[in-house]
Amino acid sequence: MRRLSTVILMLAASVAMAAGPNAPERDVQASNLSDQRAIDLINEMEELYRGEASVARLTMSIETPQYSRTLRMEAKSMGVENSLIRILEPRKDRGIATLKLDKEMWNYFPKINKVIKVPPSMMMGSWMGSDFTNDDLVQQTTLTQAYRLALNETAAQYRVILHPKEQTITVWGKIDYVIDKDTMIPVEQNFYDDDGTMIRRLEFKQPKQFDGVLLPSVLEMTPLNKQGHKTVITYESLLFDTSDVSPDDFTLRNLQSRF
């Protein structure tokens, strides 16, 4: 069964407790509670579009000053380890596919009948000429494991600030993740370089019900350092825990299947 666990927000210590010799310890506890809240929130956001198994139909529109193109795709996932994205249209790109198995990724190009493994060094590269990276599409990076998290709150929003850990391989110096409190769905992600300059913004728009779950149906990525560039992903349908997904979908043999 599809499970969207409610984020458990821990309560702070009672305000009736007076400051005393143990105040520094309470400060540490409060910090730990805030850190855990940030982890719970980000884990919740990363699970929004996944069930134990899911299948989606979506379009991706790429806009640049020189050209624009639209791809229709089918995406399948099983857990967090396996995913398969296959292009359905336009006809000249039909069958191009991306397979992720745990931390490994391959692209298949039917015109040349060739499978190409994507090395870790290329995970931050563009996927199909879009403003989304390979890592964005297959979500290889687990944010709560790769980043240090800090939580800020307003009356309407949670804002989680993510800084990469020393061992994390990434081009981002910081990610700013904004979540709406009322709907518990993401609003935007802002990506910064090491100098603190915002490089791109991912906006989540047009919430809709998919298989009984409220989710943003439009994801709009705008690179702020490339004028006139934008990529918009629109979910046409999304089903969770469907029998249309099986382990056989996530194999190199199936990656190369023609249809």
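All of these numbers come straight from a predicted model, not from anything done at the bench. (Residues numbered from 1 in each chain as written. Predicted model: local features only at pLDDT ≥ 70, side-chain atom pairs only at ≥ 80, totals over all residues. Heavy atoms only, no water.)

J.: Let's hear about the pattern of salt bridges: which residues, and what values?
T.: Where charged atoms of side chains with opposite charge meet at close range, the side chains can pair. Summed over all chains, the structure comprises eleven salt bridges. Across the salt bridge formed by Glu74 and Arg57, the nearest N and O atoms sit 3.3 Å from each other. Linking Glu74 in strand β2 (residues 68–78) with Arg57 in strand β1 (residues 53–63), this pair joins segments that are 17 residues apart in sequence. Residue classification places Arg57 among the partly exposed positions, given a relative accessible area of 32%. Among the salt bridges present, the one from Glu104 reaches Lys117, with a minimum N-O distance of 2.6 Å. You can see Glu104 sitting in strand β5 (residues 104–109) and its partner Lys117 sitting in strand β6 (residues 114–118), a full 13 residues away along the chain. Of the residues examined, Glu104 reaches a relative accessible area of 36% and is grouped as partly exposed. Through salt bridges with shared partners, one network takes in Arg37, Glu153 and Lys181. (Salt bridge = Lys/Arg side-chain N within 4 Å of Asp/Glu carboxyl O. Helix = DSSP H or I, 4+ residues; strand = E, 2+ residues; numbered from the N terminus. Buried < 20%, exposed > 50% of the residue type's maximum accessible area, 1.4 Å probe, protein only.)

J.: I'd like a rundown of unusual backbone geometry, residues and numbers included.
T.: Omega for the peptide link from Glu89 to Pro90 comes to 5°, which places this bond in the cis form. Inspection of the secondary structure puts Pro90 in the loop between β3 (82–89) and β4 (97–101). In this structure, Met184 takes a positive phi of about 55° despite not being glycine. With respect to the helices and strands, the residue Met184 is situated in the loop between β9 (174–180) and β10 (186–192). With relative accessibility at 24%, the residue Met184 sits in the partly exposed group. For Gln206, which is not glycine, the phi torsion reads 50° and is therefore positive. By the secondary structure assignment, Gln206 is in strand β11 (residues 198–210). Residue Gln206 is classed as partly exposed on the basis of its relative accessible area of 49%.

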